[in-house]
Each structure stands twice: as structure tokens, then as C-alpha cells.
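Spelled out, the chains give:
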Amino acid sequence: MAVEHLVDFHTGHVIDMLRGLPENSVQTVVTSPPYFGLRDYGLEPVVWEPVVYAPMPGLAGIRVPEWADPDRWAACDHEWDEWVEDHDVREMAIAGKTRTTDRSYGGDASRRFDGNHQKHRHGQFCRRCGAWRGCLGLEPSVDLYIGHLVQVFREVRRVLRPDGTLWLNLGDSYAGGREHAAGIKPKDLLGVPWRAAFALRSDGWWLRSDIVFAKLNPMPESVTDRPTRAHEFHFLLTKSERYFYDHIAIREPSVTKPQRRLTQRHSERDAHMRPDKIYPYRLSDVPIQQQSDRNRRDVWTISTKPYAGAHFAVMPVDLVEPCVLAGTSEAGACAQCGAPWERVVEREISDAPDSYNGSSFDRGKSREAREFLASVGTAPRTAGVRTTGWRPTCRCGTDDRAPCVVLDPFGGSGTVALVARKLGRRAWYIDASPDYRDLAEERLGLLGKQETLLLG
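Definitions and limits used
Residues numbered from 1 in each chain as written. Predicted model: local features only at pLDDT ≥ 70, side-chain atom pairs only at ≥ 80, totals over all residues. Heavy atoms only, no water. Pairing = 2+ DSSP bridges. Helix = DSSP H or I, 4+ residues; strand = E, 2+ residues; numbered from the N terminus. Axes fitted to C-alpha atoms, helices over the stretch in contact; angles between N-to-C directions. Buried < 20%, exposed > 50% of the residue type's maximum accessible area, 1.4 Å probe, protein only. Contact = heavy atoms within 4.5 Å. Polar contact = N/O pair within 3.5 Å; in protein donor to acceptor, adjacent residues only side chain to side chain. Core = buried A, V, L, I, M, F, W, Y, C linked by side-chain atoms within 4.5 Å. Salt bridge = Lys/Arg side-chain N within 4 Å of Asp/Glu carboxyl O.

**Let's talk about the sheet that holds strand β12 (residues 160-170)**
(1) Moving on: The eight strands are arranged β1-β26-β25-β2-β12-β14-β13-β20 in an open sheet whose pairing can be described as mixed. At either margin of the open sheet sits one strand with a lone partner, and together these are β1 (7-11) and β20 (299-302). Mean inter-strand twist for the sheet, computed between neighbouring axes without regard to direction, equals 20°.

Shown next as C-alpha cells:
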């Protein structure tokens, strides 16, 4: 199928683009917004309205900025304060990417690396209504950044189906010398991911899971007074209490080991044993039944992969793929109402293989002990589930189906669109940068071997 038939591109301010999409039209959202204070993507500043939100369930709502008037901003003839901009002057561009050049491995100045940092901000406030003009992630305070995320995901919630899911990836950052508001001290870990998750939960989202994205190859840090950060948070949020989640599609191999248990005393030999003594061969591994796979855990260990394009915040394909598989139906959705089709499954149990030679606990025992253990059946059987078909989750009464829709409101280099297309889903891509849209279209247009390498 042609690329243009599976991917729709929208370029502009994320809230404006979301407002142009139909409500209840998306099955799942997979995205990673710009992190707070981390990078300047070189975008044109946009005007953000003042926002009121509750930072945590049970707490009163706050207005950011505190003195703003949310009711006046739309009709306001803005009078802007002086533009404020603060960047790390030690940056230089390498292959189209901004880098910090004076950091080193283990504090050794001879072993420098080009790492990230958290020292970006820019923008200006309207003196009349309190609106802020700037780019997401470069706000002067964490509260304002969280407020803008809440605004974006209010629009995301409108376009998401009631049975839809949101997979939100966020990284954390540390306070610099300018972060002193609300008890934040220099060097404090800001806790941005959890602050965003709690604010979204207060705003009506169900917070269902915190998935730890553990990095096998994290960015080195030259710090010596704390551990190197090697994880990010990947939250599963939902619009409703009940939602579509295909856990079968992302099950992982089971690593269950046989349990050491006492065998039943039912043989003639047992009748002559002393009841106050436990004989060695009565303890055994009895794996009567083992799972061939299991429900996916909430720690995903993933290796990030390099990307040669001019984008330095590329989501790993291995992080996106489970989200798309679990959040959308492989069989598609009802062509009339968009309800995803669900699996019809049955449980199956297979007998132990003929080559089973006993458990590791059997080794070293006498011949009589091994024969006894074999007689009580220590050979494991494998239990699993098998998909036998698909059925609709609606009552439209039609077999017509369309691909499920995956939305990424911060599309960037197009990884979510790549994965969605690979899995036969439809992708809606939004990004404020025309350059990143061109980059994503270039990646989607790759053919043959190159595309296979990109998709892993």
C-alpha cells in the first residue's frame, strides 16, 4: 500500500492541528513531547493561552501564570514583555545537531563526549492577559510546562476514542541555578514525568501503568555525586475505565522455573519411611505446568539505536512497537464506528517433550530416587493461549473494517508513523517543524534493505 494511504501529515502548532481532527477518531496515541528545558528545536514561537489545572488529585487548581486572565487572552491585543533567551553558550553544531562539547567521561577532560544538558529557555509574556509566547519545553518554569502539556492532552483526549489509550514517554531533568520557585533548589531532580502524570490524572485521565524504559546504552554523564540516569518513564493513560488493550499481542517469553516441592508419600517405599525424617529424594522440582509466555512486565529494557538524520530525540522502534500492538487491533476497526475488533482465544496445553530427562534437582540422586520421581510425573507441560479468530466489539452488524489509527502529536522524525505503517495501521503525524516533516517523509520513503534496518 502506498505511503500516502497510510500516513496523514499535519504541520503546525500542535493544538491548532488537533482541533482540526474529528473527535473520537483515534484508537491509540503514542508520543514523546519535548522534554522540559532540554533542547531548542529551532521552531517559530507560538502563543500559548493561560491555563488552569490541578497539579495533583485532591489539590486546588492553579493558574499559570498566576496573574493571568484566561478569559481575556483570545481577544487580547497582546503587549509583549521583553524577549528572554538563555542557552548554553558552549554549544556547537555537529551534523546539524546541537551538542555540548566540554563534558567528559568520568571527569577526565581528555575523554570528552557530546552530551545533552538542561539549560535552555526562551519566551515572553503578555503584560495584559498573561499569555506566553514561546516553544513547548522552553518555558521559564516547570508549572508552566506542565500546564501546556495539560492543554495539549485535553485536545488529544477529545480526538481519542472512549476505548482508546495514550502512551506518553517523558524524561526528567535537573534544576539549574534559576529554578527556585515552589521549593525547587539548584541540583534538585524536578520529577517532571510524575508531575505531568498526576496533572493529567487530575484532568480526567486514568493513569494505568508506569513503564520503566531502561536504557542498555544510556548517555554517559560526568557526575560523581549521583548515579548516571539510565531510564525514562513511559506512561499508559486511558480516556475511560474500560478500554481496548491487546495483551496477547505483546506477551513475552516465560522464564518460570520449576518449584522445589515435597512429593506425595503414596508408594510402598514411603510406607516404611520414618515420619520424622525427610529423605533427599522426596524433595523435587515438580513443574506440573509451565507457561510458554506471560503477560508483559512494566520494565522494558531497550537499546537505543543511532540515527543519521538531523534529529537528536528519536524514539526507539522497540519502545513504540509494543504500544501500537497493544493499543490497536491487528484485525482493524469497524468501518462505521471505529470500534476495534478483539481476539477470540482458547487456552491450550501441550504435553512434555519426549526428550525430557528430569529436572536439574534430579541430578545426582540414586537410581531408585529418579525412578520414583519419574513415577509421580515431574515432566512439565506447556500452557498458552491460541488465537482462533476475531470478533467486533460493537453492534453495527458489519464486517467492513478499516486500519486502526495511531496518532503522534509530536511526530518528529516519524518513528511512530514508521512502526504504524509496518504493522498495517494508519498514522496521523503532527509536528510544528516543516523540516522534521520532510525528514519523516524521507524515512517513510526508504525502500528495501535500508527500511528493514530502520525498522529493526
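Still more ground to cover, so stick around.
**Overview of the side chain of His 148**
(1) Moving on: Checked against the element boundaries, His 148 lands in helix α2 (residues 142-159).
(2) Moving on: Given the relative accessible area of 1%, His 148 is considered buried.
(3) Moving on: For His 148, the contacting residues outside a window of four places in its chain are Trp 48, Trp 132, Leu 136 and Glu 139.

**Brief notes about the side chain of Thr 165**
(1) Moving on: Position of Thr 165 relative to the elements: it lies in strand β12.
(2) Moving on: A relative accessible area of 0% places Thr 165 in the buried class.
(3) Moving on: A distance of 2.8 Å separates the side chain of Thr 165 from the side chain of Thr 28, its partner in a polar contact.
(4) Moving on: At 3.2 Å, the side chain of Thr 165 forms a polar contact with the side chain of Trp 167.

**Quick word on the sheet that holds strand β3 (residues 46-48)**
The strands making up a sheet associate through backbone hydrogen bonding, with each pair oriented either parallel or antiparallel.
(1) Moving on: Strands sit in the order β3-β11-β10-β6 across an open sheet of four strands; the sheet is antiparallel. Pairing within the sheet leaves two strands with one partner each, and these edge strands are β3 and β6 (84-86). Strand-to-strand, the axes of this sheet are offset by a mean angle of 25°, without reference to chain direction.
(2) Moving on: Both β3 and strand β11 (residues 132-134) contribute to a ladder of three bridges, which runs antiparallel.

**Structural notes on the nonpolar core**
(1) Moving on: One finds Ile 146, Val 152, Phe 153 and Leu 407 to be the most contacted residues of the largest nonpolar core, which totals 46 residues.
(2) Moving on: For this core, the element with the highest residue contribution is α2, accounting for 10 residues.
(3) Moving on: Those residues in contact with Leu 407 that lie beyond four places of it in its chain are Leu 18, Leu 21, Val 26, Thr 28, Val 29, Val 30, Val 159, Trp 428 and Ile 430.
(4) Moving on: Leu 6, Ile 302, Val 406 and Ala 440 belong to the second-largest nonpolar core, a separate cluster that totals 30 residues.

**Here we look at the environment of His 247**
(1) Moving on: Here His 247 lies in the loop between β14 (231-238) and β15 (252-253).
(2) Moving on: Spatially, the C-alpha atoms of His 247 and Leu 325 are 8.6 Å apart, while their sequence positions differ by 78 residues.

**Focus: the pattern of salt bridges**
Side chains bearing opposite charge may pair, as long as their charged atoms lie close to each other.
(1) Moving on: For the structure shown, the criterion picks out 21 salt bridges.
(2) Moving on: A salt bridge links Glu 342 to Arg 391; its shortest N-O distance comes to 2.9 Å. Of this pair, Glu 342 sits in strand β22 (residues 342-350) while Arg 391 is found in strand β23 (residues 381-391), placing the two residues 49 residues apart along the sequence.
(3) Moving on: Judged by its relative accessible area of 29%, Glu 342 falls in the partly exposed class.
(4) Moving on: Residue class for Arg 391 comes out partly exposed when judged on its relative accessible area of 41%.
(5) Moving on: A cluster of three or more residues bridged by salt bridges with shared partners is formed by Arg 19, Glu 49, Glu 155 and Arg 158.

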